Each structure stands twice: as structure tokens, then as C-alpha cells.
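Structural features, examined
Chain by chain, the residues:
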Amino acid sequence: MNREDTIAALATPPGIGALGIIRVSGPESHKQVDRIFQNPQQKKIKEMKGYTAAYGRICEPESGSLADEVVVLVMHAPHSYTGENMVEIIGHGGPVPLQAILELLLDGGARLAEPGEFTRRAFFNGKMDLAQAEAVVDVIEAKTRQGLQLALDQLEGSLSRLVKASSDRLWEVLAYCEASIDFPEDELDGMSLEDFETYLKRVEGDLEDALATYSRGKALREGVRTTIIGRPNVGKSTLLNALLGEERALVTSVPGTTRDSVEEIINLDGIPLRLIDTAGLRETEDEVEKLGVDRTLKLLERSDLILAVLDSTTGFTAEDEKMLETIPPGKSLVVVNKIDLEEKIDLSRIKGHFSEDEILFISAREGQGLANVRAAIKKRIIGTSEKEGIWVSNLRHERALKGALKSVQAAREGWEQGVTMDLVVVDIRGALHCLGQITGETISQDISREIFSRFCIGK
Amino acid sequence: MFVYPQSYQVIVIGAGHAGCEAALSAAKMGFKTLVLTIDLDHVAFMPCNPSLGGPAKGHIVREIDALGGEMGHNIDATMIQVRMLNTRKGPAVQALRAQADKKKYHLRMKKVLEEESNLDLKQGLVTKILVEEGKIRGVETATGIKYLGQKVILTTGTFLRGRIIIGEKTFEAGPNQQLSAKELSRSLQENGFTLKRFKTGTPPRVLGRTIDYEKTEPQPGHSGSLFFSFMHEGREGIQGQLPCHLTHTNPRTHAIINENIHRAPLFSGVIEGTGPRYCPSIEDKVVSFPNKNSHQIFIEPESLSTQEMYLSGLPTSLPEDVQFSFLRTITGLERVDMVRPGYAIEYDVIDTRQLNLTLETMHIEGLFTAGQVNGTSGYEEAGGQGLIAGINAALSLKGEAPLILDRAQAYIGVLIDDLVTKGTEEPYRMLTSRAEYRLLLRQDNADQRLSPLGRKIGLLSDNQWKLFQEKQQEIEMVLGLLEKIQVKPTPEVNEILQEKGSGGLNKPVSLKEIFRRPEITWVDLLDLEPELPKIRKGVQEQLETTIKYEGYIERQKREIEHFKKLENKLLPDEINYEEVPNLRTEAREKLKAVRPRSVGQAGRINGVSPADITSLLIFLERKKRND
Ligand SMILES: Nc1nc2c(ncn2[C@@H]2O[C@H](COP(=O)(O)OP(=O)(O)OP(=O)(O)O)[C@@H](O)[C@H]2O)c(=O)[nH]1
Ligand SMILES: [Mg+2]
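Cut-offs used in this document
Residues numbered from 1 in each chain as written. Chains lettered and ligands numbered in written order. Predicted model: local features only at pLDDT ≥ 70, side-chain atom pairs only at ≥ 80, totals over all residues. Heavy atoms only, no water. Near = heavy atom within 4 Å. Polar contact = N/O pair within 3.5 Å; in protein donor to acceptor, adjacent residues only side chain to side chain. Areas by Shrake-Rupley, 256 points an atom, 1.4 Å probe, with all protein chains shown as cover. Helix = DSSP H or I, 4+ residues; strand = E, 2+ residues; numbered from the N terminus. Contact = heavy atoms within 4.5 Å. Salt bridge = Lys/Arg side-chain N within 4 Å of Asp/Glu carboxyl O. Buried < 20%, exposed > 50% of the residue type's maximum accessible area, 1.4 Å probe, protein only. Pairing = 2+ DSSP bridges. Axes fitted to C-alpha atoms, helices over the stretch in contact; angles between N-to-C directions. Arc of directions from axis to C-beta. Parallel < 35°, antiparallel > 145°, perpendicular 65-115°, else oblique. Left-handed = near helix turned anticlockwise from the far one by under 90°. Nonpolar A, V, L, I, M, F, W, Y, C, P; charged D, E, K, R; others polar. Domains from an automatic or database assignment.

1. Points about the site of ligand 1
Residues and elements named next belong to chain A. Taken together, 23 residues form the shell around ligand 1, and within it S237, T238, G256, T257 and T258 come nearest. V234 places a polar main-chain atom, nitrogen or oxygen, 3.3 Å from an oxygen atom of ligand 1. Here ligand 1 has 650 Å² of accessible area as a free molecule, and 93% of this is covered by the chains. Broken down by element, the shell around ligand 1 gets its largest block of residues, three residues, from helix α7 (residues 236–244).

2. Examining the side chain of A:E88
All names here are of chain A. Note on placement: E88 falls in strand β6 (residues 86–91). Polar contacts involving the side chain of E88 include one to the side chain of R23, which spans 3.2 Å. Excluding anything up to four places from it in sequence, E88 contacts I21, I22, R23, V71, V72, L73 and M75.

3. Quick notes on unusual backbone geometry
Across the junction of A:A77 and A:P78, the peptide omega takes the value -5°, indicating a cis bond. Relative to the helices and strands, A:P78 is located in the loop between β5 (66–75) and β6. At B:E133, a position not held by glycine, the phi torsion is positive, near 50°. Positioned with a positive phi, B:L359 is a non-glycine residue whose angle comes to about 80°. Residue position: B:L359 is located in the loop between β20 (343–350) and β21 (367–369).

4. Details of the pattern of salt bridges
Side chains that carry opposite charge are capable of pairing whenever their charged atoms lie near each other. Residues and elements named next belong to chain B. Inspection of the entire model under this criterion finds 77 salt bridges over all chains. Between E114 and K110 there is a salt bridge, and its shortest N-O distance comes to 3.3 Å. Of this pair, E114 and K110 are both found in helix α4 (residues 102–115), four residues apart, which corresponds to roughly one turn of the helix. The partly exposed category is assigned to E114, whose relative accessible area is 46%. Look at K110 and you get buried, because its relative accessible area is 18%. Residue E436 pairs with R407 through a salt bridge whose shortest N-O separation is 3.0 Å. In this pair, E436 is assigned in the loop between α11 (411–422) and α12 (446–456) and R407 in the loop between α10 (379–398) and α11, connecting sequence segments 29 residues apart. What emerges from the salt-bridge pattern is a single network uniting R407, D417, D418, E436, E567 and R604.

5. Quick notes on the environment of B:S25
All names here are of chain B. Locating S25 in the fold gives a position in helix α1 (residues 17–28). Classification of S25 by relative accessible area gives buried; the value is 1%. Not counting residues up to four positions away in its chain, the partners in contact with S25 are L387, G390, I391 and L459.

6. Some remarks on the sheet that holds β6(A)
The strands that make up a sheet pair up through hydrogen bonds in the backbone, lying either parallel or antiparallel. Residue and element names in this part refer to chain A. In spatial order, the strands read β3-β4-β5-β6-β2-β1-β7; together these seven strands make up an open sheet with mixed pairing. Edge positions in the open sheet fall to β3 (37–38) and β7 (111–112), since each of these has one partner strand only. Examined bridge by bridge, strand β1 (residues 7–10) and strand β2 (residues 20–25) share four bridges and lie antiparallel to one another. Paired with L10 across the bridge in β2 is I22. The sheet contacts of helix α1 (residues 29–36) involve β2, β3, β4 (52–59), β5 and β6, and relative to β6 the element is tilted by about 35°.

7. Some points on helix α9 (residues 320–327) of chain B
Residues and elements named next belong to chain B. Turning to α9, its buried residues number three or more, namely V322, Q323, F326 and L327. Across the axial projection of α9, the buried residues extend over an arc of 125°, all falling on one side. Buried residues along α9 sit against β11 (163–166), β14 (205–207), α6 (251–259), α8 (282–288), β18 (308–312) and β19 (338–340).

8. Considering the environment of B:I388
Residue and element names in this part refer to chain B. Within the fold, I388 resides in helix α10. C-alpha separation for the pair I388 and L403, spaced 15 residues apart in sequence, amounts to 7.2 Å. When residues no more than four places from it in sequence are discounted, the contact partners of I388 are L67, T358, L359, L403, L405, I412 and I416.

9. Topic: the packing of helix α12 (residues 395–416) of chain A against helix α13 (residues 421–439) of chain A
Residue and element names in this part refer to chain A. The N-to-C vectors of α12 and α13 enclose an angle of 165°; their axes lie 8 Å apart at closest approach. Considering their axes alone, α12 and α13 lie roughly antiparallel with respect to each other. Crossing geometry of α12 relative to α13 is assigned as left-handed. Where α12 approaches α13, its residues H397, A400, L401, G403, A404, S407, V408, A410, A411 and W415 are matched on the opposing element by M421, V424, D427, I428, G430, A431, C434, L435, Q437 and I438. In terms of residue class, the contact of α12 with α13 is built from 14 nonpolar, five polar and one charged.

10. Description of the domain arrangement of chain B
Frequently, the measure chosen for interface size is the accessible area removed from exposure when the parts meet. Each domain of chain B was delimited in the assignment, giving domain 1 (2–201 + 347–457), domain 2 (205–345), domain 3 (462–553) and domain 4 (569–626). Between domain 3 of chain B and domain 4 of chain B, the C-alpha centre-to-centre distance is 48 Å.

11. Some details on the side chain of B:T421
Residue and element names in this part refer to chain B. Residue placement: T421 occurs in helix α11. In this structure the side chain of T421 is engaged in a polar contact, spanning 2.6 Å, whose partner is the backbone oxygen of D417. If we ignore the near neighbours within four places in the chain, the residues touching T421 are R353, V594, Q601, R604 and I605.

12. A few points about the environment of B:Q472
All names here are of chain B. Summarising the element assignment, Q472 is placed in helix α13 (residues 462–484). Accessibility expressed as a relative area gives 14% for Q472, which makes it buried. In this structure the C-alpha to C-alpha distance between Q472 and Q448, which are 24 residues apart in sequence, comes to 8.0 Å. The contact partners of Q472, leaving out residues within four places of it in the chain, are D447 and Q448.

13. Details of the pairing of strand β6 (residues 95–100) of chain B
Residues and elements named next belong to chain B. For β6, the buried fraction is high: six of the six residues fall into the buried class. Alternating residues of β6 divide into A95, R97 and Q99 and L96, A98 and A100, and every residue in both groups is buried. Relative to β6, strand β5 (residues 79–85) runs antiparallel, the two sharing six bridges. Bridge pairing links M84 to L96 in β6.

Below you can see the structure in the form of C-alpha cells.
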């Protein structure tokens with residue numbers, strides 16, 4: 001247990017709609033929050049008095065994109081629950097922004113707290129008496145047991161199969177390296193240095209695939225962010241209303257009707273869809289509208305799925321062209337609207353970018369083709385291929401996989417650049433350590449066992 | 001019973017590799033020391049392979065040397081071949097390995113012992129340890145002499161109830177048919193020690209002139225200044241090295257072994273002891289890896305003064321006639337004359353969980369154990385433990401704090417921590433992969449890690465200390481220069497860099513930054529800055545490693561800081577684990593048995609979980625508040 005680092009965790013049970021609190025504790029906690037906290041008074045957390053609060057925004061420090069509007073409560077060591085420097089971030093945006101804030105903190109170097117860790121710190125800093133602390137040990141034990149059950153459940157899932165396969169491969173590489181280091185004069189059969197890169201690349205690919213499912217896994221838990229974009233007047237609001245089954249967004253024949261995005265949740269065969277209608281995309285001088293367009297672009301980045309709407313009654317414009325270039329093809333569907341009217345659009349331009357089942361023809365007003373849209377969305381989210389069975393949905397797992405991936409990449413790149421084996425092994429061990437956080441396997445288990453079971457050693 | 005008139009401060013039982021280091025360190029630290037050994041003609045004897053070093057083992061020899069031990073000096077003076085292994089696998093795992101002239105090795109070490117003024121070396125078979133009220137008093141020999149001493153260090157190797165097995169035949173004997181120490185085993189058991197049975201084996205020896213070397217592949221030594229002792233750094237390398245020779249077994253060899261496998265004691269149940277997995281007998285290899293058609297055999301010279309050759313890779317306890325016939329199937333050995341058969345030896349070892357990290361036994365105050373009797377294998381592992389046992393016996397006589405090396409300081413620390421905390425189920429061999437902080441436990445920096453400690457306890461000679469300090473000053477001075485000297489992005493500089501396959505500069509950088517590049521060597525730096533001073537190879541290597549590895553080394557240093565926190569949380573001697581709430585029963589029993597020194601060590605005991613450690617920390621914290 002390390003008490004020198006800074007930890008963060010959600011302090012409220014996750015649930016839609018509740019006020020959420022993120023707790024940060026440790027020597028760097030003020031600095032960590034300052035990194036992502038902005039407020040009109042330019043107040044710095046570390047300069048604020050203990051037990052005072054400030055209102056502001058949590059933003060991604062590089063891009064500046066907004067995660068949530070929050071209230072922060074500042075505490076100084078030793079006058080806090082844990083006895084360390086602390087910050088509590090109170091968000092009101094529901095679980096999705098909270099998760100985003102937590103991720104920003106972890107990206108900045110905080111560590112996800114272990115179960116009971118805040119309380120344990122409180123005890124060791126003299127903030128609690130023994131009876132309380134012993135209760136905590138029980139809680140830790142219970143949590144471990146619970147964690148074990150979870151781990152067992154996971155074991156049956158395909159995530160752990162993948163993790164197991166990856167760690168087996170890494171073990172093989174590690175055993176080979178260690179054997180060749182410790183027994184340089186022995187012949188090692190079964191593997192060669194050429195296999196090395198192939199093995200590491202394979203692991204890298206598998207981990208990447210698993211990680212790619214993280215947003216999807218998360219989306220399933222928290223609602224798939226689906227953004228409708230398109231030129232003004234193509235029928236975006238009409239599409240939202242049609243999928244929703246009620247008149248939620250204002251529909252007029254005046255281009256630029258929707259100025260600010262509108263969000264609604266619909267249930268698509270059990271998949272929660274957070275449907276977002278946006279201001280139409282176009283070059284504009286109107287300040288208010290310009291703001292709306294900027295916001296749309298940011299929204300796109302954070303979307304799980306994009307519905308790009310085209311108007312079949314007008315030609316394919318430069319703005320359409322630009323839109324199709326902006327949106328990432330992997331997570332977009334093209335919806336050609338107003339097919340009840342005469343078709344003028346030339347679709348040859350789109351066909352290069354999108355496959356046939358990614359282009360849908362509808363009449364939002366007449367309700368034509370909506371079933372196809374629903375089916376296409378569903379397929380996009382759930383998928384059909386075998387690997388799609390893997391859903392990384394837990395932040396702890398995501399962190400572990402990311403850590404493992406980083407180490408495997410470092411090992412492979414190092415190897416390619418001629419870094420010596422004694423260093424490459426450090427990264428391979430690092431990767432195994434990360435994967436061990438998912439499987440429960442530790443490297444301290446006798447590595448020699450691996451060596452001797454795989455190779456005929458001994459002169 | 002005759003009580004020897006001279007009473008000793010330290011008595012060492014056994015003059016193998018552990019015993020010699022133990023005795024020399026205790027004597028050099030100022031204590032009257034006696035060494036008793038079964039046979040004076042086998043002091044520092046190499047009953048198995050006539051070689052020293054290799055990964056992790058070579059590191060230990062360097063560590064022994066850095067602390068002021070003898071092993072490095074002895075091998076440097078008597079080696080007939082030396083190689084640097086793992087040169088391409090990185091500085092952390094590079095290691096020296098030498099072929100010793102085993103006769104010279106023994107003779108030189110014996111002489112060093114004899115010449116040590118505080119030390120008496122005598123022949124005698126110890127049958128009993130003398131214990132009074134839980135304290136060691138001395139030992140008794142088979143010829144009826146009582147030697148009294150304040151500390152006793154037991155380094156009896158494989159002699160405890162030693163039993164040699166060749167095929168269907170078994171004899172009570174130590175290695176090389178010496179006397180077996182039977183009574184002593186009983187004496188230990190009577191004093192409450194739990195013993196285990198281990199087994200190891202050695203290959204047949206053959207006559208050199210009957211080998212057809214033409215058919216084998218010579219394995220020459222490496223030239224250059226390659227020495228184990230830091231005192232010999234920069235000396236001219238040894239001359240006239242002898243090669244080893246490589247050959248292989250083949251399907252015919254394996255067929256003979258398979259046909260006679262029912263006569264192999266390993267499989268017929270004659271052998272009970274647990275053998276080492278890293279040094280399997282040839283019959284074991286043939287059975288366990290049936291798809292492997294050939295195994296390597298290294299033919300190693302035993303000494304300049306004999307024709308006897310050691311066949312590394314071929315330990316066996318098959319009957320002598322089987323050994324004879326399979327040997328002659330091997331390429332180059334078709335006409336070979338076997339002069340000594342291979343054999344297996346079974347022996348008693350102490351369960352090391354009965355020891356403290358000082359290597360003193362928990363049961364008997366003043367009794368230390370070290371070496372193969374502790375269940376390790378290898379001369380180097382033995383030497384390392386012997387040294388620590390000798391030092392701690394001496395420090396305890398002085399009333400000073402013991403020397404305990406931790407896992408981040410030395411391979412010797414890893415070795416002893418593993419033995420004492422986890423025990424071992426097979427003969428324990430040191431591997432670099434057992435060390436968590438391998439990048440820091442290098443053979444090139446063993447002096448930096450340990451010589452100040454060796455000096456502090458009064459073991460490191462004035463000479464070696466002076467050399468050490470000079471080297472450190474040189475390292476610091478040159479490091480300062482490399483940091484200070486800026487290289488400007490001139491066309492000439494960039495041309496030189498490009499010649500070395502390195503990218504050009506676009507702004508001035510320090511020489512140190514350039515040295516960080518993997519492709520740049522010290523010699524390349526001289527091209528860029530001819531004014532750099534001439535420095536020793538040892539200094540160059542160390543600079544290169546610390547600079548090029550800096551990132552990784554820093555990472556391990558951070559891990560070590562974390563590790564030290566729990567390591568420095570000491571558990572009081574009088575702690576009563578029955579009083580610690582919430583411990584699981586298994587953990588409680590293990591903690592009571594091992595009696596770890598620190599919370600960190602407690603965490604490494606098999607069967608103690610992180611939740612147990614939290615309970616332990618809470619208990620300690622409560623005690624602190626109550627006091
Ligand atoms: N014929 C026909 N008209 C449609 C269809 N969908 C939308 N419209 C009409 O197109 C006009 C614009 O519709 P909206 O849904 O407001 O369009 P929008 O894309 O949200 O426009 P802005 O919010 O202004 O960017 C309205 O008059 C709709 O009735 C359709 O499928 N067929
Ligand atoms: Mg609209």
C-alpha cells in the first residue's frame with residue numbers, strides 16, 4: 001500500500017441523474033485538480049482556504065473541451081477526512097461526465113483508489129479510531145471476496161480469454177528471454193528471436209481490439225451518444241422526432257431552426273441511445289449560430305455514433321462534402337432523407353467512403369425506412385463478428401489493458417531499435433503485471449517454473 | 001574427553017566454499033577462528049564442475065569481492081579460461097564465467113587460510129554441536145576432542161548423512177568418497193532442527209588423451225582484461241587459456257539410456273531426495289524431453305596437472321557399465337577412457353525457515369549455517385552465505401548491528417531472503433530472474449553497492465578501499481565533464497555523428513545527451529571531444545550503463561523506494577502473532593514460524609495475503625499509539 005501517491009474515485013454509487021462526487025486525496029490532489037479546473041475568478045485550488053468551495057468547469061487541458069460544470073470543495077492536510085490534501089468534485093451532469101472527469105484525473109497521474117483506500121489512509125493518518133479501522137478491514141475483505149466473484153464471472157467472459165491468451169504469449173516470450181539470460185550456454189528449443197516480434201505484435205493487436213471495445217462497453221452502460229448532423233433544413237430534427245415518436249424538437253422550413261443541441265434518450269431494443277440533434281453545419285457569420293456549429297464539431301469527437309443526414313431533393317453540396325470528410329467513417333451512418341420527394345442527389349460521391357449498408361434512405365416525415373435506420377444502428381453497436389463478443393466496460397480493466405498495451409509497445413519498439421534484452425524484459429514484465437490486475441496472476445510466482453517446464457536446461 | 005586448551009571465538013565446521021569465506025571474514029574482523037574439516041586435502045574443493053561464475057553466480061562472486069571476501073581473488077589467480085557471457089543481452093545480465101584449475105584453486109585457498117594469523121585450520125570430523133541453555137558452546141569431534149567457541153558456523157555442504165548412489169550400489173559417503181557426517185545430522189535433529197533430503201549429481205570424468213578433439217567444436221576463452229576481483233581491473237588478461245570442447249549426445253546414446261532406464265536409481269525409487277531442475281541428470285533429460293534427439297556436452301579441463309576431463313551436461317547415476325557404454329556412443333568419445341563414474345549424492349539439509357536473515361538459527365543462539373547445508377547449490381551461493389554468516393558472527397561478537405543485505409542491494413540479499421522467507425523445495429540456484437531490481441544489481445557496480453559496507457564493517461582492505469575511492473572519483477569527475485561540455489551543431493559535428501549512424505544536431509547539447517544514444521560509444525565521444533581524459537575500462541562501462549539506462553534505472557529506483565518503505569517497517573522481536581486481530585490462521589502460523597524481520601518480508605511469505613498485512617499494519621499502529 002503506497003500512501004505517497006494521489007488517488008481518485010467516484011464517491012457516490014453510479015446511477016443516472018444523481019449528483020455525483022469524485023473524491024481526490026493525496027499530496028498532489030490540489031495540483032491534479034488545478035490542471036483540469038477552470039473558473040471565472042481564476043482561483044487556484046491550492047490557494048483556496050480549507051473547506052471553501054468554488055464553482056467552475058472541468059475541461060480537457062489540451063483541447064479545452066468541456067467535461068462538466070462542477071463545484072469543488074477544497075481541504076488541506078491534515079484537516080480532511082483522510083488527513084491528506086483533498087478535493088471533492090461535485091458534478092451534476094450524471095454518470096457520463098463524472099466518468100470523463102475521473103478519466104482526466106487518471107490521465108494526469110492520479111491512481112484509481114482501491115476499495116477502502118480512503119478509509120485506510122484516514123486510519124494511518126490518525127483520523128480514525130481502531131474500531132472504525134477494523135470495520136474497514138472487514139469491508140476490504142468483503143470487497144476482495146466480492147471482487148473475486150466478479151473476477152470469476154469475468155473468467156467466463158471472452159475478455160479474460162483474450163487476456164489469458166495475451167498473457168500466455170507474453171509468458172512464453174518472458175520465459176524465453178529469462179532462460180536465454182540465465183542459461184546462455186544452453187540450447188533453447190521451441191522459440192526463436194524471429195518469433196519474438198510476431199508474438200508481441202499479436203498481443204498488441206489483441207489488446208488494441210479489446211480496448212477499442214471500451215467505448216462501446218461504456219456506451220452500453222451509460223447510453224450510446226448518437227449525434228445527428230447535416231446541413232440546415234435537411235430534416236435532422238424531424239428524424240429525431242421520428243425516432244423518438246414524439247414532437248420534441250422544433251421543426252420549421254426555415255434553415256437554421258435548431259440553434260442549440262437537443263438531447264433525448266430512446267430505448268432501441270434495450271440499447272439506451274442518447275440522441276442528440278444539432279445545429280445545421282454551414283459556414284456562417286451569425287455569431288450565435290457559429291457557436292452552435294463549433295459545439296457540434298466538439299460533440300462529434302465525443303460521439304459513439306454519428307448519423308449524417310443528406311437531403312435527397314437538393315444536390316450534393318460543398319458543405320455535404322465537407323461534412324463527410326469531417327466525420328470518422330468507422331462510427332458514422334449516412335442517412336439520405338426526403339425520399340418521398342423527387343431525388344436530385346448524386347450519390348456517386350459518397351459511395352467511395354461508405355459501404356452500401358452504411359447508406360440509408362428514409363423519409364423522416366412519412367416514417368419510411370426508419371426500421372432500417374434502427375437495424376443499422378443496432379448492428380453498429382452490437383456487431384456480428386466473433387471479437388465483438390468482448391466488451392471492456394470497467395474502468396479498472398480499461399486502465400490495466402492500456403497499461404499493458406503501452407508496455408508491450410515499448411517492448412516491441414525497443415526490440416526493433418536494438419534495445420538489449422535486459423531492458424525489453426522490464427517492459428514485458430510490466431505488461432504482465434498490468435494483465436495480472438485482471439487475471440489475478442502475479443509474476444512473483446516462480447518464473448523458473450516456466451523456464452524449466454518449457455526448456456530442457458542444464459549442463 | 002579432551003578439551004582443547006585454546007578456546008575460540010568462532011568455530012567453522014567445514015572448509016568448503018562457504019566455510020572458507022566464513023572463517024576468513026571472522027578472522028579478518030579480529031576474532032580467533034578455528035576451521036575444522038573432514039579432509040585437509042579438500043579445502044575449497046570443487047567436487048562438481050571445475051568452473052565458477054555465469055549469470056547471477058558471477059554477480060555473487062563480484063559481490064563477495066566488493067565486500068572483502070576471497071573468492072574473486074582465488075579464481076583470478078587460478079583460472080585457466082575466462083569468458084564474458086551475455087554481452088549482447090545487456091550490461092545488467094553480463095557475467096563472467098571461468099574454468100578453474102581445481103587443484104590450484106584448492107591449494108591456493110588452503111594457503112590463504114593457513115597464512116591468516118587469526119585462523120587455525122585443522123582436520124577433524126565433527127560429530128556433535130555442544131549447546132547449553134539454548135546457546136552454542138562448541139563442538140566435539142570423532143576423535144574425542146572438544147573445541148569450545150562462542151559462535152559456530154555450520155558449513156557442511158553435502159556431507160550430512162551423505163549417501164552416494166551409482167546404479168544399484170550405494171555407499172555412505174560425502175562427495176568424492178570422503179567420510180559422511182552421520183552423527184552431526186543426529187545432533188542437529190536432537191537440537192530441534194527439521195532436516196530435509198536433497199539430491200544432486202555429477203558426471204563421469206574421462207581421460208583427456210583418449211578424446212578425439214578433432215570431432216568436437218572448440219570453445220575458446222575470451223581475451224582482454226577479464227577478472228572477478230575489482231582489485232584486478234585493468235590488469236592484462238590471463239595468457240595461455242585452455243579451450244573447452246562441445247559435443248552432443250545422439251539417438252544411440254539415448255537408446256542405451258532408455259534400455260537401461262529400469263536400472264536408474266532416479267526411477268527405481270532408490271533416490272528419495274529432491275534434485276535440482278536446472279541440472280537434471282542425462283537420464284532425466286532423455287525421459288522428460290523424448291523429442292530432443294541430442295543434448296549438449298561440454299568437455300571441460302579439470303586442471304593443468306591432470307588429464308581428467310569433466311563432461312558438463314552429463315550428470316548421471318546410472319550403473320557404471322551403462323555409463324561406460326553410452327559414453328562411447330558420443331561423437332569424439334568413441335575410444336574414451338572413463339576414469340571416475342558419475343554419481344548421485346543424497347544429503348540432509350536444514351529447512352532454512354528456521355534461520356534469521358543474519359543466517360543465525362532461531363533455535364540456538366550463536367549457531368549459524370551457510371552454504372549447501374542450507375539447501376543451495378553452487379560454490380558461489382555457498383561463498384556468499386559463508387561470508388555473511390562469518391561477518392554476522394563477528395559483528396555479534398563486537399556487539400554491533402548485523403549486516404543484512406536486502407533484495408535491492410545484492411543478489412546475496414535476494415538469496416538469503418528467499419531462503420529464510422520462503423525456504424526451498426529443491427537445491428536453490430541463483431538466477432538473475434529471481435531479482436526484482438536486476439538493472440541495479442549489475443556486476444559492474446557491485447563495488448558501488450557494497451564496498452562502503454565492506455569498509456564499514458572492517459573487512460575491506462585499505463588497498464581495495466583506496467582503489468574503490470579513486471574509481472568513484474574518476475566516475476564523478478568524468479560525469480561532470482560530460483554534463484558540462486556542450487557540443488554545437490556544426491557541420492563537422494553532424495558529419496561525425498552521421499558517420500556513426502546517429503542523427504545530426506540542430507541545437508547545442510551536452511556530451512552526456514549524445515552518450516545516451518544507443519549507437520554512440522565512448523570512443524565516439526573522443527572523436528567529438530578529443531580533450532576527454534583517458535579513463536579505465538571499468539569506469540567507461542559504468543558511465544555508459546548509468547547514462548544509457550538512466551530512464552529504466554530511475555524507474556527501478558522509484559520502485560525500490562516503494563519497496564523500502566515496508567522493508568524499513570521492522571517487526572518487534574517480541575511480537576505475539578496471537579494478539580494480532582483478523583489474521584487468517586494460515587498467515588498466523590506462517591508468521592510465527594518464519595518470524596519476519598520487517599513488514600516487507602512478512603508480505604513475501606507464501607500464505608500471507610495483502611489483507612493480513614493490512615491487519616498487521618493496523619496492529620502495529622495501535623501499539624505505537626498506546627505506547
Ligand atoms: N418532404 C419531406 N420534407 C421533410 C422531410 N423531413 C423534413 N422535412 C421538412 O424539411 C424542413 C426542415 O426540417 P427540420 O427537421 O427542421 O430540419 P433541420 O435539419 O432540423 O433544420 P435546422 O434545424 O434548421 O438545421 C421542414 O419543413 C420539414 O417538414 C421528409 O422526409 N420529407
Ligand atoms: Mg433542426
